[in-house]
Amino acid sequence: MNEIKEKKTISEETSSDDMKVLDDLTSSEYKWGFVTDIESETAAKGLNENVVRMISKKKNEPEWMTEWRLKAFRYWQKMEEPTWPNVHYPQINFQDISYYSAPKQKPKLNSLDEVDPELLKTFEKLGIPLEEQKLLSGVAVDAVFDSVSVATTFRETLKEKGIIFCSISEAVKEHPELIKKYLGSVVPYTDNFYASLNAAVFSDGSFVWIPKGVRCPMELSTYFRINSQDTGQFERTLIVAEEGAYVSYLEGCTAPIRDNNQLHAAVVELVTLDNAEIKYSTVQNWYPGDKEGKGGIYNFVTKRGACRGKNSKISWTQVETGSAITWKYPSCILQGDNSVGEFYSVAVTNNYQQADTGTKMIHLGKNTKSTVVSKGISAGHGNNSYRGLIKIGKNAEGARNYTQCDSMLMSDKCGAHTFPYIEVENESSKVEHEATTSKIGEDQIFYLNQRGISTEDAVNMIVNGFCKEVFKELPMEFAVEAQKLLAISLEGSVG
Amino acid sequence: MEHKNVNEWYVAKFKSFEDKLNGQSKSFLHEIRKNALNSLAELSFPTNRNEEWKCTNVAPILKHNFIPAMISTVPKFQQDEIKPFLFKDFDYHLMVFVNGLFAEELSEIGNLPKGVVVDGLNRIIKNNPDSISKYINNLSKIDNAFNALNTAYSYDGLVVIVPDGTILEKPIQVLYLNSSKDDLVLSLPRNLIIAGKNSQVSVITNYRGYGDKTYFSNIITEIYIGENAIVNFYKIQNENDGSYHIEKVQAIQKKNSVFNHYNINFGGAIVRNDINTLHDDQNIETHYYGLYLAHGKQHVDNHTFIDHAKPNCMSNELYKGILDDNSRGVFNGKIIVRRDAQKTNAYQQNKTILLSKTATIDTKPQLEIFADDVKCSHGATVGHLDDTSEFYIRSRGVPQELAKSMLIRAFANDVIDTVKIEPLKEQINHMIFEHLHRVEIENEQ
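Given the structure is predicted, the values throughout are model-derived calculations rather than measurements.

Draft legend 1. Highlighting unusual backbone geometry. Phi at Asn-351 of chain A is positive, roughly 50°, even though this residue is not glycine. The backbone phi angle of Asp-325 of chain B is positive, close to 50°, even though this residue is not glycine. With respect to the element layout, Asp-325 of chain B can be found in the loop between strand S17 (314–323) and strand S18 (328–337). Take Asp-325 of chain B: there are 14 C-beta atoms within 10 Å of it, and that puts it in the partly exposed class.

Rendered as structure tokens:
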């Protein structure tokens with residue numbers, strides 16, 4: 001209760017907007033070293049129609065939304081858990097999960113001294129500023145904290161341009177016409193097991209709408225998102241770029257995020273209309289489990305973008321270093337003529353991590369183009385699979401695809417696998433696929449050693465070179481952090 | 001989609017097959033047959049829900065009630081009737097099978113080096129079953145209903161045994177002629193090739209259809225390649241257009257051995273080839289070469305698999321497809337590099353040309369790598385004929401059709417050029433030419 005009081009006193013001093021922002025930012029994920037028992041409103045374990053209704057009611061959702069969730073739930077009940085991915089994990093008991101938990105007030109720590117030293121070490125290596133470190137680890141921060149004011153300025157600028165950037169729950173209430181039109185239009189609730197589950201019980205997520213002809217002046221990020229309260233177990237993101245609009249969206253965070261939720265099943269939907277472009281970048285660094293492979297997060301995500309309009313473009317960039325199991329295939333449906341889909345990915349598996357990731361490029365429109373660059377790095381006992389589909393439809397005249405997937409192996413116990421599917425139904429299209437797998441070059445390490453560079457730095461340099469094509473697609477700051485992150489993920493994996 | 005009643009049909013026919021065996025029912029092979037029959041009763045035929053058969057719908061095959069060749073009347077052929085089907089201009093040992101059954105009177109085995117066996121499976125079972133008991137059905141395991149069907153009715157097929165240290169100079173040409181008048185025939189050759197230590201052998205299998213009645217070839221070929229042995233295996237498939245062809249090749253290679261497999265497909269309504277090789281020791285070399293030309297409504301599916309189980313081996317794979325009209329091609333090239341298989345080099349390439357708007361290709365090169373000190377790569381391309389090259393040729397006064405055919409033959413040449421028997425190479429090239437100009441040739445006639 002004390003914390004809440006404290007908060008109230010601050011909120012008297014600052015504007016309510018600011019407060020909300022602060023509130024959101026401070027309630028980030030870190031739960032390391034919990035001592036105080038916090039009362040939180042958590043639904044009993046298990047899933048049935050009542051739980052779905054309850055979630056919807058808690059969020060004050062309108063009737064149509066509740067119905068949509070229920071439809072998804074009923075459909076989900078008839079579905080079977082997929083077993084085709086190349087990952088192994090004990091069966092999940094879906095009745096043993098609590099599907100709703102109200103945003104919790106986290107205990108505030110008084111200073112960074114109380115934070116787990118190992119986490120601080122990681123922050124340091126990533127070069128995260130002190131204030132941000134505090135924020136991420138749940139230390140109470142001053143009201144004048146930089147990013148808060150930054151966030152407020154952001155919000156005003158966005159409003160001016162007519163951009164909507166809010167939580168899905170807020171959008172359901174305030175922009176129902178947009179939600180009705182677009183939610184589930186790319187990933188329908190019938191899509192797959194986890195997408196259906198998400199549709200039934202999604203907690204919250206982001207909604208972005210860029211009006212016609214507007215170029216979003218800044219990179220939007222969940223990190224600075226105004227109404228986010230909790231990353232949540234079942235997130236749902238919807239981004240719509242109207243004609244001629246552009247937005248770059250960043251998801252995730254390079255700092256390690258500890259989370260008690262074992263199963264994450266998020267859904268991301270992107271829609272671009274004529275001449276619009278969405279650039280979606282992800283850095284995922286969730287808890288991967290310990291060195292023996294115990295614990296860790298299961299990340300089962302459905303991400304899909306639809307290039308509905310002519311000359312539209314969707315570009316996915318991802319750096320996946322965390323999670324015990326990653327299972328995601330950011331995809332593009334290239335419906336509009338001349339539309340472009342891109343997928344750039346770096347996936348690292350170390351220790352006992354498993355990743356089955358890749359993309360689907362569905363070419364339907366004429367002269368559609370897609371580029372896929374996937375870099376997999378396996379170390380320790382990690383298993384890394386690339387699974388991709390390139391489909392050229394009957395009417396996709398002149399479609400063009402280039403795929404390159406390279407794997408690097410760093411230990412004799414890890415695995416790298418590729419499962420590319422190529423289905424072509426149009427003779428005027430051109431599809432190229434290239435894949436290579438090899439060990440990290442001993443001669444390269446030797447060359448660098450010989451120049452006085454330690455083996456660890458040498459490995460970092462080589463890996464960074466290997467991933468350069470992907471990193472150059474990331475926004476600047478992200479790219480720098482991602483490089484460092486990669487180095488940390490692979491620490492001690494060679495030698 | 002289940003095809004249960006199909007299994008019942010073949011299980012029910014087994015009794016009359018058994019009656020025809022003439023006391024052979026006590027041989028070890030009959031035990032294998034009976035076990036396979038049990039599997040056949042339980043296994044369902046693959047459907048599109050099965051990942052390995054995702055792109056190939058076998059329902060058209062299963063809707064027919066085929067009669068196993070043993071219990072149907074076998075047509076008789078004269079020497080000169082089969083002549084046009086043979087590859088010529090080089091010396092060979094000739095084996096002829098009609099509907100999968102050995103036709104001794106048509107075969108010309110000729111002189112063989114000491115200890116070499118080239119014979120029909122049924123005769124080996126009668127005369128010297130011990131020579132093959134260790135191998136047959138041991139190399140290949142039943143993994144689907146088609147294998148079970150072949151094994152349950154296994155009766156005849158090619159058997160080649162080359163003892164240690166023997167080199168068979170002349171290749172063995174094997175003609176599988178399939179034809180029938182009344183029944184829908186099911187031809188079930190069961191082939192076995194055993195190459196001992198330091199031996200060398202080349203086998204040309206030649207599948208042909210006679211007449212245009214529908215039939216179904218369901219084949220299993222087992223190949224054992226001993227230490228330092230070299231085996232060249234050619235398959236030229238030109239069944240008639242209404243017929244079905246399924247073959248499973250299972251090869252096992254020992255130390256320092258070399259295996260070259262050529263897989264050239266022209267005919268068949270639905271064609272499925274499974275070519276699997278297991279590397280059972282070190283320093284092994286495997287080459288797969290494939291070429292398929294399809295037109296009309298043909299469906300050609302090639303599944304290749306190389307299991308790199310041991311270190312210091314290399315494999316190289318080159319498959320090319322040329323698809324016209326409404327045809328559909330499927331390629332799945334699987335390479336597994338096991339944990340122990342360090343210093344593996346594995347290369348794979350699959351290239352496809354689509355000649356018509358309605359031709360489709362599904363290709364899936366698949367690498368699964370568990371060792372770290374390896375070099376593996378695969379490439380897959382799909383495209384159409386290069387317009388600028390075509391323009392260049394046409395600007396030299398070559399008519400369009402011929403220009404296209406030249407480009408296609410050049411495309412196919414990468415595969416054909418690796419054929420080691422010169423006259424065979426020429427004749428395959430000629431077959432490609434005939435295939436590409438089939439319309440003109442028909443018109444002239």
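Draft legend 2. Structural context of the pairing of strand S13 (residues 258–265) of chain B. Residues and elements named next belong to chain B. In terms of burial, S13 is a largely internal element, 6 of the 8 residues being buried. Here 8 bridges tie S13 to strand S15 (residues 285–294), and the two strands are oriented parallel to one another. When the sheet's bridge partners are listed, Ile-264 is paired in S15 with Leu-291.

Draft legend 3. Examining the pairing of strand S9 (residues 200–209) of chain B more closely. Residue and element names in this part refer to chain B. The buried fraction of S9 is high, at 8 of 10 residues. Strand direction decides the pairing type here: strand S6 (residues 172–178) and S9, joined by 7 bridges, are parallel. Pairing of Leu-175 across the sheet is with Asn-206, part of S9. As judged from the 9 bridges shared by S9 and strand S11 (residues 230–238), these two strands associate in the parallel manner. Each bridged residue has a counterpart across the sheet, and for Ser-202 the counterpart in S11 is Asn-232.

Draft legend 4. Broad picture of the interface of chain B and chain A. Taken together, the contact between chain B and chain A spans 30 residues of the former and 29 residues of the latter. Secondary structure elements with two or more residues in the side of chain B that touches chain A: strand S20 (360–369) and strand S21 (375–383) of chain B. Among the elements that line the side of chain B that touches chain A, the one with the most residues is S20 of chain B, at 10 residues. Taken together, the residues of the side of chain B that touches chain A sort by class into 13 nonpolar, 10 polar and 7 charged. Pairing of strand S20 (residues 430–439) of chain A with S21 of chain B involves 8 bridges; the strand directions are antiparallel. By the bridge assignment, Ser-438 of chain A is partnered in S21 of chain B with Lys-375 of chain B.

Draft legend 5. Spotlight on the domain arrangement of chain B. All names here are of chain B. Under the domain assignment used here, chain B contains domain 1 (4–281) and domain 2 (387–445). A separation of 31 Å is found between the C-alpha centroids of domain 1 and domain 2. Between domain 1 and domain 2, the residue contacts involve 10 residues of the former and 9 residues of the latter. A class-by-class count of the residues in the side of domain 1 that touches domain 2 yields 8 nonpolar, 1 polar and 1 charged.

Draft legend 6. Main features of the confidence of the model for chain B. Per-residue pLDDT for chain B has a mean of 91; in total, 98% of the residues score no lower than 70. Scored as a whole, the predicted complex attains pTM 0.80, and scored at its interfaces, ipTM 0.74.

Draft legend 7. Highlighting the nonpolar core. Of all hydrophobic cores here, the largest spans 237 residues; its most connected members are Val-247 of chain A together with Val-160 of chain B. Here this core gets 7 residues from one element, more than from any other, and that element is strand S10 (residues 215–225) of chain B. A domain split of this core shows at least three residues from each of domain 1 (4–281) and domain 2 (387–445) of chain B. If we skip the residues at most four places from it in the chain, Val-247 of chain A touches Val-208, Ile-210, Cys-216, Leu-220, Ile-239, Ala-241 and Ile-278 of chain A.

Draft legend 8. Inspection of the packing of helix H9 (residues 400–416) of chain B against helix H10 (residues 422–436) of chain B at higher detail. Residues and elements named next belong to chain B. As a packed pair, H9 and H10 sit with axes 11 Å apart at the nearest point and diverge in direction by 145°. Here H9 and H10 pass one another in a crossing that is right-handed. Across from Ser-405, Ile-408, Arg-409, Ala-412 and Ile-416 in H9, the residues of H10 making contact are Lys-425, Ile-428, Asn-429, Ile-432, Phe-433 and Leu-436. The residue inventory of the contact of H9 with H10, partitioned by class, reads 7 nonpolar, 2 polar and 2 charged.

Draft legend 9. Just H9 of chain B, in detail. All names here are of chain B. Between its first and last C-alpha atoms H9 spans 24 Å; for 17 residues at 1.5 Å apiece the expected length is 24 Å, and the two agree. Within the span of H9, buried status applies to Ala-403, Ile-408, Ala-412, Val-415 and Ile-416. Looking at the buried side of H9, the elements it contacts are S15, S17, strand S19 (345–354), helix H8 (387–395) and H10.

Draft legend 10. Expanded view of the confidence of the model for chain A. Residues and elements named next belong to chain A. Looking at chain A, the pLDDT average stands at 77 and 74% of residues meet or exceed 70. Throughout residues 1–40 the model reports pLDDT below 50, and contacts reaching past four residues in sequence, or to other chains, amount to 57 contacts. Of the regions scoring below 50 in pLDDT, residues 223–231 engages in 26 contacts with residues more than four places distant in sequence or in other chains.

Draft legend 11. Inspection of the environment of Asn-147 of chain B at higher detail. Residue and element names in this part refer to chain B. Secondary-structure assignment places Asn-147 in helix H7 (residues 145–152). You can call Asn-147 buried: it has 23 C-beta atoms within 10 Å. Distance from Asn-147 to Lys-20, taken between C-alpha atoms, is 21 Å for residues 127 residues apart in sequence. Asn-147 has contacts with Ile-142, Ile-220 and Lys-248, leaving out every residue within four places of it along the chain.

What counts and how
- Residues numbered from 1 in each chain as written.
- Chains lettered and ligands numbered in written order.
- Predicted model: local features only at pLDDT ≥ 70, side-chain atom pairs only at ≥ 80, totals over all residues.
- Helix = DSSP H or I, 4+ residues; strand = E, 2+ residues; numbered from the N terminus.
- Buried ≥ 20, exposed ≤ 12 C-beta atoms within 10 Å, placed from the backbone.
- Pairing = 2+ DSSP bridges.
- Contact = placed C-beta atoms within 7 Å.
- Nonpolar A, V, L, I, M, F, W, Y, C, P; charged D, E, K, R; others polar.
- Domains from an automatic or database assignment.
- pLDDT = per-residue confidence, 0-100.
- Core = buried A, V, L, I, M, F, W, Y, C linked by C-beta atoms within 7 Å.
- Axes fitted to C-alpha atoms, helices over the stretch in contact; angles between N-to-C directions.
- Left-handed = near helix turned anticlockwise from the far one by under 90°.
- Expected span 1.5 Å × (residues − 1).

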